[in-house]
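Coordinate inspection notes
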Amino acid sequence: MIHQTMNQSTEARVPRVRFAPSPTGYLHIGGLRTALYNELFARHHGGIFVLRIEDTDRTRYVEGAVENILRTLKWAGLTPDEGPFLAPDGSVQERGAYGPYVQSARTEKYRHYAEELLGKTEEASGQSYAYRCFCTPEEIESLKKDRASSDAAPLPGLVPHARNCRGLTGEESAALAAESPYVIRLRVPDRVGRVEFTDSIRGLVRFDYSSVDDQVLLKSDGFPTYHLANVVDDHEMEITQVIRGEEWLPSTPKHLLLYRALGWEPPAFAHLPLLLNPDRTKLSKRQGDVAVEDYRAQGYLPQAMINFVALLGWNPSGDREKYSKDELAREFRLEKVNKAGAVFNREKLDWLNGEYMKEMPDEELTEVVIPFLRIDGVLTEVDGGIKAADGSPVDREALRRSVALEKGRAKTLKDFAATTGYFFTSKVELSRDMIPWKKSTPEVAKERLYGLRDRLAGLSEKYFSDPKLLEAEIIPFVAERGWTNADTLWPFRVALSGRERSPSPFEIAWAIGKKRTLERVEAAISLL
Ligand code: GLU
């Protein structure tokens, strides 16, 4: 039976954790959370956060996936201390003394250990820890099927063998190896017993030997499986704490058996809860986006994403929802992570994103909004200058002001495209019917706009530098004339925005400036 123990030396070591994604597609939300928890753990304990690329399964390798992982981690503000990173020229480079950190560059090591286990004998059984298996994948599949459909009591856990590979002597196996392809399998003890370990999140976890397969360690092409490569690298990279998704929990007994076979002390393990859709099914592509890049493209800020993802399965204290990454690192405790699945709540993400946008300085927010305005065709870049959709030049200050006006209502960076376009064009689309206030008439609206035009024309630029100054000037003017705010300010606001809803006319006038304000009022008058 295996009991995992932490000895003195483990406790004294610098904590080392790793995020070990496989480049099989885009980095998804679950992967981002695993990476983040690893980084938070490292920062909290003054440890080292390693990034390792597990690319030994060549059939699932996706071109560009490594770059996607690196780019996405960088966007999210995660900063592994060791491992691959994207250099400014776009190439993938590495830092750290334990490399290479990409498994396909380490295959010799895995082969070496797999072979070592062929010749190493477990005392309790007198058998080697690993054996060669000469069965073809098709043979194994058909045996598994037969076994599933037969009434006979199943041989617990062990993979059935057409050629009884488990029973071959060392000499028989070596002789066959000279002429046939083979894989190397882990020999799970066939006696009664179990693997036990204390998961940092779930507490005591047990697996009977009979529930564990004779896992393939080395494939016939000489490439390791995930299990072998993962254990070898966690050992060689001196990982002290494994933090990974719950889907890897069933692999842990195999890994612990491997640590024992190789005579190595295992790291501690923590398995993070599943991510769930609001209906509590497993988070999947079908119910929404799972790729982090999709959220980026939809205009979520990295700070909001990190804050949100950190709270999927953990909360430092009762009600508070908003934390910076440094605060999260200060508070982070693996033991406080929930065992139960964490529901992905999109409204909370939207709310957090809104909060982060509101607190961002306007200049900074404007810079990150601009690419979204470009994508949606609100702005274009011509000869290094920014232009509106209709080609009129856009002044940075006007851009900043319009972003400042709309940021209170926006949920994502993308929302600005729908709400700010009219600030930049030389004209707004206006319908005659919308201009008068609903309880008023076109004649009244026309009179009010004439009055406003004359008044505004007489004001110096200073009044357009602060919406409050303009408001303090116009409201008394409306009262003096005996007009109402509603029948005056509605046509004014519609003249400037062309919309049923928008910020106040004083705010829009502030954003677009005196000249454009007068032009738009004039254009509305000409329609009435
Ligand atoms: N390569 C595995 C993955 O893609 C890593 C699992 C682990 O962290 O051990 O998730």
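I will try to describe carefully the structure that is included in this document.

Calculation criteria
Residues numbered from 1 in each chain as written. Predicted model: local features only at pLDDT ≥ 70, side-chain atom pairs only at ≥ 80, totals over all residues. Heavy atoms only, no water. Salt bridge = Lys/Arg side-chain N within 4 Å of Asp/Glu carboxyl O. Helix = DSSP H or I, 4+ residues; strand = E, 2+ residues; numbered from the N terminus. Buried < 20%, exposed > 50% of the residue type's maximum accessible area, 1.4 Å probe, protein only. Near = heavy atom within 4 Å. Polar contact = N/O pair within 3.5 Å; in protein donor to acceptor, adjacent residues only side chain to side chain. Areas by Shrake-Rupley, 256 points an atom, 1.4 Å probe, with all protein chains shown as cover. Nonpolar A, V, L, I, M, F, W, Y, C, P; charged D, E, K, R; others polar. Pairing = 2+ DSSP bridges. Axes fitted to C-alpha atoms, helices over the stretch in contact; angles between N-to-C directions. Phe/Tyr/Trp six-rings, centres within 6.5 Å; stacked < 30°, edge-to-face > 60°. Lys NZ or Arg CZ within 6 Å of the ring centre and 35° of its normal. Parallel < 35°, antiparallel > 145°, perpendicular 65-115°, else oblique. Left-handed = near helix turned anticlockwise from the far one by under 90°. Contact = heavy atoms within 4.5 Å.

**With respect to the pattern of salt bridges**
Within the structure shown, the criterion is met by 40 salt bridges. For the salt bridge of arginine 166 with aspartate 214, the shortest nitrogen-to-oxygen distance reads 2.8 Å. Separated by 48 residues along the polypeptide, arginine 166 in the loop between helix 5 (137-149) and helix 6 (170-177) and aspartate 214 in the loop between strand 9 (203-208) and strand 10 (216-218) bring together distant segments of the chain. When sorted by exposure, arginine 166 lands in the same class as aspartate 214, which is buried. Residue glutamate 321 pairs with lysine 348 through a salt bridge whose shortest N-O separation is 3.1 Å. Residue glutamate 321 is located in the loop between helix 10 (302-310) and helix 11 (325-331), and its partner lysine 348 is located in helix 12 (residues 346-359); the two are separated by 27 residues in the primary sequence. On the basis of relative accessibility, which here comes to 24%, the residue glutamate 321 falls in the partly exposed class.

**Some words on the site of the ligand**
Looking at the ligand, the residues that line it are Arg18, Ala20, Pro21, Ser22, Glu54, Tyr226, Asn230, Arg244 and Trp248. The contact in question runs from a nitrogen atom of the ligand to an N or O atom on the backbone of alanine 20, over 2.8 Å. Interatomic distance of 2.6 Å between a side-chain N/O atom of glutamate 54 and a nitrogen atom of the ligand. Taking 290 Å² as the accessible area of the ligand by itself, protein coverage stands at 85%. Residues belonging to the shell around the ligand are distributed by class as follows: four nonpolar, two polar and three charged.

**A short note on the pairing of strand 9**
For strand 8 (residues 194-199) and strand 9, the ladder comprises six bridges, and the chain directions are antiparallel. Looking at the pairing, valine 195 lines up with phenylalanine 207 of strand 9. Between strand 8 and strand 9, which pair antiparallel in sequence order, lie three residues.

**Observations concerning the sheet that holds strand 10**
With respect to topology, three strands assemble into an open sheet ordered 6-7-10, the strand pairing being antiparallel. Looking along the sheet, the strands with just one partner apiece sit at the ends: strand 6 (130-133) and strand 10. Neighbour to neighbour, the strand axes of the sheet diverge by 45° on average, direction disregarded.

**Here we look at the packing of aromatic side chains**
For the structure shown, the criterion picks out 14 aromatic pairs. Consider the rings of phenylalanine 197 and phenylalanine 269, whose centres lie 5.9 Å apart with planes at 70°: the pair is edge-to-face. Taken together, the residues span a long stretch of sequence, with phenylalanine 197 in strand 8 and phenylalanine 269 in strand 12 (residues 268-272) at a distance of 72 residues. In this structure an aromatic cluster arises from ring pairing among Tyr295, Tyr300, Phe308 and Phe344. Across from the ring centre of tyrosine 182, 5.3 Å away, lies the NZ or CZ of arginine 132, which sits over that ring. Above the face of the tyrosine 463 ring, lysine 462 is positioned so that its terminal group lies 5.0 Å from the ring centre.

**A word on unusual backbone geometry**
Residues glycine 99 and proline 100 are joined by a peptide bond in cis, for which omega reads -5°. Even without a glycine there, the phi angle at arginine 280 is positive, about 70°. Tracing the backbone through its elements, the reader meets arginine 280 in the loop between strand 13 (275-276) and helix 9 (292-297).

**Examining the packing of helix 17 (residues 467-480) against helix 18 (residues 485-497)**
In contact at an axis separation of 10 Å, helix 17 and helix 18 are set at 130° when each is read in the N-to-C sense. By the angle class used here, helix 17 and helix 18 are oblique. By crossing handedness, the relation of helix 17 to helix 18 is classed as right-handed. Contact residues: helix 17 offers Ile474, Ile475 and Val478, while helix 18 offers Asn485, Thr488 and Leu489. By residue class, the composition of the contact of helix 17 with helix 18 is four nonpolar, two polar and no charged.

These values are about where atoms sit, not about what they do.
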